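# An overview of the molecular structure
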Amino acid sequence: MSFSVTEPTNRIKWVAGILVVGYALVTIAPLLWIVATGFKSGPDSIAYPPKVLFEPTLEGYVNLFTDRTRATQDMLDAAGAPRNWYEQIARDQGTVITGASRYGERFLNSVIIGFGSTALCMILGTAAAYAFSRFRVPLKDDLLFFILSTRMMPPIAVAIPIFLMFRNLGLNDTHLGMILLYTAVNLSLSVWLLKGFIDEIPVEYEEAALIDGYTRFQAFYKVVLPQAATGIASTAIFCLIFAWNEYAFAVLLTSGTAQTAPPFIPTIIGTSGKDWPAVAAGATIFLVPVMVFTILLRKHLLRGITFGAVRK
Amino acid sequence: MTDTPIDKIARATPAGMARRIRGFSDRTIAWIFVAPTIFLLLAVNIFPLIWTIRLSFTDFRVNRPNREVEWVGLRNYERILTDPDIWATMQATAHFLIWTIVLQVLIGFALAYLINKNFRGNDLWTTIIVFPMMLSPAVVGNFWTFLYQPQIGLFNYVIAFFTGVDPASFSMIGDVNLAPWAIVIADTWMWTPFVMLICLAGLRSIPDSIYEAAECDRASKWRQFWTITVPMVLPFLMLAVLFRGIENFKMFDLVVQLTGGGPGNTTTLTSIDLKREAFEKWRTGYSSAYAVILFVTVFGLASIYVKALNKVKQR
């Protein structure tokens, strides 16, 4: 092995490794605790001292997806034998299932609004980024700064007039309203990121295509888009994660039909007080997809979270 | 020269139509591509902003739409700037901002420095450390209330385990002295990875040759750290502080779920206060003025800071 003055010694590497792994374990502990609590029974979840080893149960997940009522012995007798495994779990807690909970709907809303706004944002954002990257747009720098500055406003501050505007347009508590809103919020990030990605594609490719008789549009979608695919995909995932996690607008502008999961999960309560296993189960289902995306995205993380200000 | 029929048609076509066949001009395409974005941003950002400014001079209330709206001039602004409660809110926000930034910069930089030592498996552990910042703050904040429960909460148990105090004797979110720290801890847990990632980018941008040169000059490791590493990472670090500063000034979701602004008003950050005024007390005019004051503060502070950042970059 060649000697390098900048390569840390093995001892330093060991110390650094141990410290970082130590921090990582502390930082991931609350997340593991969420996942674990989702599989605990009610009493186990609030036991003292906190239980690390416990008998796993699907109680939390059953409670998450169902509405139940506390049952007297008469009701239990009248209901007859449980028909399936989840009814059995509800009976074991002394409750009977009265119907499906709203979690499924809320989760579906998150999916519709998240993917809808991401798709729209990518279409508008890629086009705008291409124009900013390739053409002489009047007032380009001002427009780009304007696009960036829209991100500085506290959501609550713009929420008042948006609330009034949506009410007048009938967009309050609708999927379309939320999709448009999240698209607008995400556009600033997307345009900046995508412009960076498109800037890196050599103009010569398009010029060659134009000489070969392609129109601008053809050059755009046959030459530029395939080249920018990776950039577009990682930008899309950032937009999706934002829309997925957003809370402030969701809690103020939606209540019934279009409510997403983040405002809903904290409101989950059981038949007697806060049902932490159900909350944890809801959180687990909601958070795990993002963790998976984070692992897939780890190479592109930096550019997305810094608005493209830091490039590799 | 051969004259094919296609060439003849091409020559006979008027210039305007030829352009239309060939496609739109670049200028037209530029507008077609940019216009929808600008339109949407105007509709969802600028139009509401102008509306907010207009409302801020009135005593309009959303919950009483039929009432006569009066122009009150600058009275809303006057009332906000002289209200001691607002200053208490600002203080809570300042406490939150300063401590989260200090902790996140220190821990984030230290982590980046250690990860940059390139030990085996550092990619995997970096990804794990990044998890918290990718998750929904509201959902995670709500779960932190569970970790902070006296006695049964994991956080209290761990603290009790290491310090020997009774885990039921303190309540992070119920105590007026501890609650401001409860939100600082949760936010630091969540956002330290952000500062870490940016510092890491800074550290990785320093070319090895500079260290090699310093080594040739027999500069000590300590001196190398202060004269090479720190100045080279500083612009990145300042960028991270800018982003965190703006984000935490806007902070709403994590804290509202964690403490709801309580106990008392000890963790009522400006966004939470604004939400109460606008969507619980429905004082629309008053809260619009409040929102305008917040904008001006963020823009003002951010632009002063960006100037300072540019100076550091130029050095």
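All figures in this text were calculated on a predicted structure; none of them were measured in a lab. (Residues numbered from 1 in each chain as written. Chains lettered and ligands numbered in written order. Predicted model: local features only at pLDDT ≥ 70, side-chain atom pairs only at ≥ 80, totals over all residues.)

## Observations regarding the overall build of chain B
Secondary structure summary: chain B contains 14 helices and zero strands in total. Taken from N to C terminus, the helices and strands of chain B fall in the order α-α-α-α-α-α-α-α-α-α-α-α-α-α. Whereas a compact globule of 315 residues would reach a radius of gyration of roughly 20 Å, chain B reaches 28 Å, over 25% beyond that. The C-alpha extent of chain B, read off along each of the three principal axes, is 100 × 80 × 40 Å. Counting all 315 residues of chain B, 38% fall into the buried class. (Helix = DSSP H or I, 4+ residues; strand = E, 2+ residues; numbered from the N terminus. Rg over C-alpha atoms; globule rule 2.2 N^0.38 Å. Buried ≥ 20, exposed ≤ 12 C-beta atoms within 10 Å, placed from the backbone.)

## Thoughts on the overall build of chain A
Within chain A one finds 16 helices and two strands. Taken over C-alpha atoms, the radius of gyration comes to 25 Å for chain A, far larger than the 20 Å a tight globule of 312 residues would show. Its C-alpha atoms give chain A principal-axis dimensions of about 85 × 70 × 40 Å. The buried share of chain A, taken over its 312 residues, is 45%. If you take every contact in chain A between residues at least 6 apart in sequence, the share linking residues at least 24 apart comes to 75%. (Contact = placed C-beta atoms within 7 Å.)

## Some words on the environment of A:L53
In this structure, A:L53 sits in the loop between α2 (42-45) and α3 (59-65). When the C-alpha positions of A:L53 and A:L194 are compared, they lie 47 Å apart, and in sequence the two are 141 residues distant.

## Overview of the interface of chain A and chain B
Between chain A and chain B, the contact holds 80 residues from the first and 77 residues from the second. Its residues placed into classes, the side of chain A that touches chain B shows 67 nonpolar, 10 polar and three charged. (Nonpolar A, V, L, I, M, F, W, Y, C, P; charged D, E, K, R; others polar.)

## Description of the confidence of the model for chain B
Residues and elements named next belong to chain B. Of the residues in chain B, 92% reach a pLDDT of 70 or more, and the chain-wide mean stands at 87. Helix α2 (residues 15-22) is the least confidently modelled element of chain B, averaging 58 in pLDDT, while helix α5 (residues 84-115) averages 94, the highest of any element. Reported confidences for the modelled complex are a pTM of 0.87 and an ipTM of 0.87. (pLDDT = per-residue confidence, 0-100.)

## Notes on the packing of helix α6 (residues 103-134) of chain A against helix α9 (residues 175-199) of chain A
When two helices pack together, you describe them by how their axes are tilted relative to each other and by the distance separating the axes. All names here are of chain A. It is the contact of α6 with α9, at a shortest axis distance of 6 Å, that shows an interaxial angle of 40 degrees. Between α6 and α9, the crossing angle belongs to the class labelled oblique. In this structure, α6 crosses over α9, and the sense of that crossing is right-handed. Here the residues of the contact of α6 with α9 are counted per class, giving 17 nonpolar, nine polar and two charged. (Axes fitted to C-alpha atoms, helices over the stretch in contact; angles between N-to-C directions. Parallel < 35°, antiparallel > 145°, perpendicular 65-115°, else oblique. Left-handed = near helix turned anticlockwise from the far one by under 90°.)

## A short note on unusual backbone geometry
Along the chain, A:Y48 connects to A:P49 via a cis peptide bond; the corresponding omega equals -5 degrees. Unlike most non-glycine residues, B:Q151 shows phi in positive territory, near 70 degrees. Its place among the elements puts B:Q151 in the loop between α7 (137-147) and α8 (154-163). Since 17 C-beta atoms lie within 10 Å of it, B:Q151 is described here as partly exposed.

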